[in-house]
Structure formats: structure tokens, C-alpha cells
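# Architecture and fold: a report
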Amino acid sequence: MRQRILHVIGARPNYMKTAPVMAEMSRRPAEFEQLLVHTGQHYDFEMSEFFFRDLDMRIPDRLLNVGSGSHAEQTAHIMLAFEPVVREWRPDWVVVVGDVNSTVASALVCAKLGVRVAHVEAGLRSRDRTMPEEINRLVTDQLADLLLTPSRDADANLHREGVDQAKIEFVGNVMIDTLVQHLDKARARPIVSRMGLKAAGYALVTLHRPSNVDDPGALREVVEGLCLIAGSLPVVFPVHPRTRKNIDEDTLSPLSGRVTLLDPLGYLDFISLLDSARLVITDSGGLQEESTYLGVPCLTVRPNTERPITITCGTNRLVPRERDALVAAASLAAEEPRASRAVPELWDGSAALRVVRAIAGRALPWKHSC
Ligand code: UD1
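So, a few notes on the structure that sits alongside this text. What you see is a predicted model, and the numbers here were worked out from it, not measured in a lab. (Residues numbered from 1 in each chain as written. Predicted model: local features only at pLDDT ≥ 70, side-chain atom pairs only at ≥ 80, totals over all residues. Heavy atoms only, no water.)

### Regarding the overall build of the chain
To be explicit about the condition: Strands here are runs of E lasting at least two residues and helices are runs of H or I lasting at least four, both read from the DSSP assignment and numbered beginning at the N terminus. Computation of the radius of gyration draws on C-alpha atoms, with the globule rule given as 2.2 Å multiplied by the number of residues to the power 0.38. In what follows, residue pairs with any heavy atoms lying within 4.5 Å of each other are defined as contacts. For the accessible areas, the method is Shrake-Rupley and the probe is 1.4 Å, while residue cover comes only from the protein chains on display.
A count of helical and extended segments in the chain gives 17 helices and 13 strands. Over its C-alpha trace the chain gives a radius of gyration of 20 Å, about what one expects of a compact globule, namely 21 Å for 370 residues. Here the C-alpha coordinates of the chain stretch approximately 65 × 40 × 40 Å along the principal axes. Pairs at least 24 residues apart make up 72% of the contacts formed inside the chain by residues separated by at least 6 positions. As displayed, the chain offers around 14,800 Å² of accessible surface, 53% of which is attributable to carbon and sulfur atoms.

What follows is the structure, given as C-alpha cells:
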């Protein structure tokens, strides 16, 4: 029986998770027919199109063009635009990834229509409900029919919440599949030398969490820390649109001239910069994982993480959002010899294959109510 699989993407961190799953299903055309829907949550060129090219991903079949708004507006607009697509295309499974508003909105539509949802990257928990992503993770996992987890702590979280083990499959990390597949191409990019940087001779920074960048006081603390770090180690900072909107002239002036500010980068250039960095300073989820895989020391400017395995097994450390703490942690990390690389279980480049097998193994006849 050929299954109809609808994949939902909306924001930048979704693309590298969906790409390997779609590629794996494309190898089995007798089993799967696929539709790729982009909600339009991210709409800037640097946040989207670059990635499709870099990841050899097909252009989405449907674009919902929802754009920005408050959480309620964005979630509601995605639901309104997505429901007719599901009704018309009648998928056997809808595959959602990660924890963005597009993930929870599409899962909710499917749950109401009686369409099965597979959640890739299920079970991660920061236990911090002030993070919009934590709410998205909790709700999506309650609604999903198949929970595909990246690490064993995620399975334990789901068990604690009473999720039936029959719905859970530990598949590993699909984002690492994309990294493994594109690493050689990324390493061949000239961006590091073109920027006049030396391998292991700079810090790479990304910041976009509302808790860090929407509060001017918090942002100033981090910016001041970056300026001090830049006194001894070059700092490269591709700036997310949310952060760009919040960095006014006052915040920006100490940064300019000392920290290299860039527009958001494509996937390959970004991985190239990450791979050669001395350390990374971030509040991103994905970067904690990618730096762990590559063995690059990572300072996460957050009080918690939904990815504790990157601390227990990998290179990640949590740092408070305070100037002096950040500077001290950076100088310590920059001086330490690079730790030998430890890669978490099943972060092996074959997670997408396990995702596809899990879905193929559940090819039950399904009665749609939509
Ligand atoms: C979203 C995700 C976050 C993810 C991040 C990766 C949610 C709740 N958050 O956060 O988990 O880590 O994407 O980038 O889903 N903007 C642009 N151009 C764009 C996209 C956004 O200018 O292409 C602006 C928006 O107008 C808005 C701000 O950036 O003002 C935030 O965008 P939004 O998608 O709401 O959330 P992110 O902060 O990007």
C-alpha cells in the first residue's frame, strides 16, 4: 500500500530535519507519495531559499505565506491555511518536526481531522514553560500518534507524561544526518579564509531567543560580554531577524568594529564557520547538537536546555545571561584543549532511515474523518 505523507516546514531549523526524511522516502517511491508544505512562518530569503539550495531539498509544493504575528495570530493563521490542504490532499500521515509554531499548529489541525501525526524530535523538555517552544513540544507530543525521539532522555520524559510506549520510537537525531551528509561540502567552502579568519581562532555567536533579545537589559549584558570577548578572540555573529529588529543604534555601537555582524547565512557556510570555530556562543537548540557532534565547545546562554545530552555527553555548558559570567566562561573554553569527540547514541547519520521504517511499519488502513 502506497502511503501519502505530508511534511510540514515553517522555520529555518525545520529544513535540516525534514530534508533527510524526505530524501529517504524518495528512495522508496513504491511505498510513499510525498507533499511538502511550507507555512511561510519564515519568509526572508536568507531564512529560507538559501537552505533549499544548500540541502538539495525540493521546493515546497504548497506555500501558505502566513508570515509573522503574535503567537496566537501566527498559530491561528497556520491552522486556517493548513486545514484545507489536509482536507484536499488526504494524507495517511503528517510529519512534523521540532518545536516551532508551525509544528504545533499543524499537529492540532490533524488531531481534529483524525489524521495521524508523526513528530520527529519528540520528547525533548526544558521544563521551562516561559519558552514558547516548550509549550509547542508539550502540546505536539500529546497529540502525535508516533513520537520519534532523538535521545533516551526524551523517551523517559514521554514515559513520565504517561505516553504509551507503543507510540514511541527512539530513532536518533535527524539533524545529524544532514550534518554528516553535508560536512565535506561545508568544509570545502571558502568562507573562513575569505573572512580572514584562522581555524580555531574565533568565536561564532548566534542569539535569537526572546528571553535574550527581546529584553533590552538582557541583550545589553550579552552584547557587552561579546565586546569584551572580542578583545582577545575575533567574534563572528550572523544576526537573526528577531535580534536585528531589537538591536538599536545604542546596542549596536559597541559591537561595530569589534564584532563581525553578518546577515543570516546559508546552511553550508554556517556549518563551515561552526566546524572551524574555537568556540560557539548561542541560545539555539540545534547548535548545541551540531557543536556536540563536531566537538566544538559550546556556551549556551540560557538557564536550562531541552537537550541535556549535549551537556552530559557533549561539549555544551549553560552560562548565565551576565556579562562577566559569559566572559569568564568564554576565556575558560577558549583555553581548554579541544575535548575528544563523544557522540550520543544513534547520532550516526541514519536516523531518517529509522524514521521511515517506523512509519512504514505502521501502514495500517486509516479512516479519515476529514
Ligand atoms: C522561530 C521559532 C524558534 C526557532 C527560530 C529559528 C517559534 C515559536 N519559534 O523563532 O523556535 O528557533 O524560529 O529561526 O516558532 N522574521 C523576519 N523574517 C523571517 C522570519 C522572521 O523578519 O524570515 C522576524 C519576524 O517578523 C518576527 C521575528 O523575526 O518579528 C521572529 O520571527 P518568528 O518566526 O515569529 O520567531 P523566531 O524568533 O524566528
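### A look at the site of the ligand
This is how it is decided: Here, proximity means that at least one heavy atom of the residue falls within 4 Å of the molecule or strand. For this analysis, a polar contact is any N or O atom pair within 3.5 Å, provided that within protein one partner can donate a hydrogen and the other can accept it, and provided that sequence-adjacent residues contribute only side-chain to side-chain pairs. Cavity: a set of points on a 1 Å grid over the protein atoms alone where a 1.4 Å probe fits but cannot get out. Pocket: an open set with protein on both sides within 12 Å along at least five of seven lines, its lining residues, like those of a cavity, having an atom within 4 Å of a point. A molecule is said to be in a cavity or pocket once over half of its atoms fall within 2 Å of that pocket's grid points. Under this grouping Gly is polar, as are all residues other than the nonpolar Ala, Val, Leu, Ile, Met, Phe, Trp, Tyr, Cys and Pro and the charged Asp, Glu, Lys and Arg.
Residues in close proximity to the ligand total 21 residues, the closest being His42, Tyr43, Ser68, Glu133 and Arg242. Taking glutamine 41, its side chain carries an N or O atom lying 2.8 Å from an oxygen atom of the ligand. Considering the ligand on its own, with 740 Å² of exposed area, one finds that the protein chains cover 89% of that surface. A molecule is said to occupy a pocket when more than half its atoms come within 2 Å of that pocket's grid points, and by this definition the ligand occupies the largest pocket. Counting only elements with at least two residues in the shell around the ligand, the list comes to helix H3 (71-89), helix H5 (132-143) and helix H11 (241-246). In terms of residues, the shell around the ligand owes the most to one element, H11, which gives three residues. Partitioned by chemical class, the residues of the shell around the ligand number six nonpolar, nine polar and six charged.

### A look at the layout of surface pockets
As a reminder of what qualifies: Grid points are joined across faces, edges and corners, and a volume is the space filled by probe spheres set on the points.
In this model, the largest pocket occupies a volume close to 1,100 Å³. If you trace the largest pocket, you find 46 residues lining it, with Pro13, His42, Met47, His208 and His240 closest to the centre. For the lining of the largest pocket, the elements supplying multiple residues, two or more each, are helix H1 (12-26), H3, H5, H11, helix H13 (267-275) and helix H14 (285-294). A class-by-class count of the residues in the lining of the largest pocket yields 20 nonpolar, 16 polar and 10 charged.

### Points about the side chain of threonine 315
Spelled out, the test is: Buried means the residue's accessible area, taken with a 1.4 Å probe over protein chains only, is under 20% of the maximum for its type, while exposed means over 50%, and partly exposed covers the values in between.
One can find threonine 315 in the loop between helix H15 (309-312) and strand S13 (316-318). Taking the relative accessible area as the measure of exposure, threonine 315 reaches 15% and is therefore buried. Contact partners of threonine 315, with chain neighbours within four places excluded, come to Ser291, Thr292, Gly295, Val296, Pro297, Cys298 and Thr310.

### Quick notes on the pattern of salt bridges
Let me state the cut-off plainly: Only one rule defines a salt bridge in this text: a Lys or Arg side-chain nitrogen within 4 Å of an Asp or Glu carboxyl oxygen.
Per the counting criterion, the structure on display carries 29 salt bridges. If you follow the salt bridges from partner to partner, you end up with Lys17, Asp99, Glu121, Glu134, Arg137, Glu289, Arg302, Glu306 and Arg307 in one network.

### Remarks on the sheet that holds strand S4 (residues 93-97)
Basically, it comes down to this: Pairing between strands is defined by DSSP: at least two bridges between the two strands are required. Under this scheme, a helix contributes an axis fitted over its contacting stretch, all axes are lines through C-alpha atoms, and angles between N-to-C directions fall in the 0 to 180 degree range.
If you trace the seven strands from one edge of the open sheet to the other, you get S3-S2-S1-S4-S5-S6-S7, paired in parallel fashion. Each edge of the open sheet is held by one strand with a lone partner, namely strand S3 (62-63) and strand S7 (168-170). Bridging between strand S5 (residues 116-120) and strand S6 (residues 146-149) involves three bridges; their strand directions are parallel. Of the residues in S6, the one forming a bridge with alanine 118 is leucine 146. Packed on one face of the sheet, helix H6 (residues 152-160) meets S6 and S7 and runs near 165° to S7.

### Focus: the packing of aromatic side chains
Quick reminder of the rule: What counts as a ring pair is set by centres within 6.5 Å for rings of Phe, Tyr and Trp (its six-membered ring), and what kind of pair is set by the plane angle: stacked under 30 degrees, edge-to-face over 60, tilted for all other angles.
For the coordinates displayed, the defined rule picks out three aromatic pairs. Through a chain of ring-to-ring contacts, three or more aromatic side chains come together here, namely Tyr15, Phe51, Phe52 and Tyr267.

### Looking at the packing of helix H4 (residues 101-113) against H5
Basically, it comes down to this: When describing relative orientation, an angle under 35 degrees is termed roughly parallel and one over 145 degrees roughly antiparallel, while 65 to 115 degrees is termed roughly perpendicular and anything else oblique. Should the near helix be turned anticlockwise from the far one by less than a right angle, the crossing is termed left-handed; should it be turned clockwise, right-handed.
Taken N-terminus to C-terminus, the directions of H4 and H5 make an angle of 25°; their axes are 9 Å apart at the nearest point. Taken as axis vectors, H4 and H5 run roughly parallel relative to one another. Here H4 and H5 pass one another in a crossing that is left-handed. In this structure, H4 contributes Asn101, Thr103, Val104, Ala107, Leu108 and Ala111 to the contact, and H5 contributes Asn136, Val139, Thr140 and Leu143. Counted by class, the contact of H4 with H5 contains six nonpolar, four polar and no charged residues.

### Things to note about the nonpolar core
Heads up, the rule is: For this analysis, a nonpolar core means a set of buried residues of the types Ala, Val, Leu, Ile, Met, Phe, Trp, Tyr and Cys, connected via side-chain atoms within 4.5 Å.
Within the largest apolar cluster, 38 residues are counted, with the highest numbers of intra-cluster contacts made by Leu55, Met57, Leu179, Leu204, Tyr267, Leu273 and Leu274. For this core, the secondary structure elements donating two or more residues are H1, helix H2 (49-54), helix H7 (174-187), helix H8 (191-194), H13 and H14. Of all the elements, H13 adds the most residues to this core, at six residues. The contacts of leucine 179, once residues within four sequence positions are left out, are Tyr267, Ile271, Glu290, Tyr293 and Leu294.

### Observations regarding the environment of threonine 260
Take threonine 260: it is sitting in strand S10 (residues 259-262). Along the sequence, threonine 260 and methionine 195 sit 65 residues apart, while their C-alpha atoms lie 9.5 Å from each other. The contacts of threonine 260, once residues within four sequence positions are left out, are Met195, Val235, Val236 and Phe237.

Shape is all these values report; function is a separate question.
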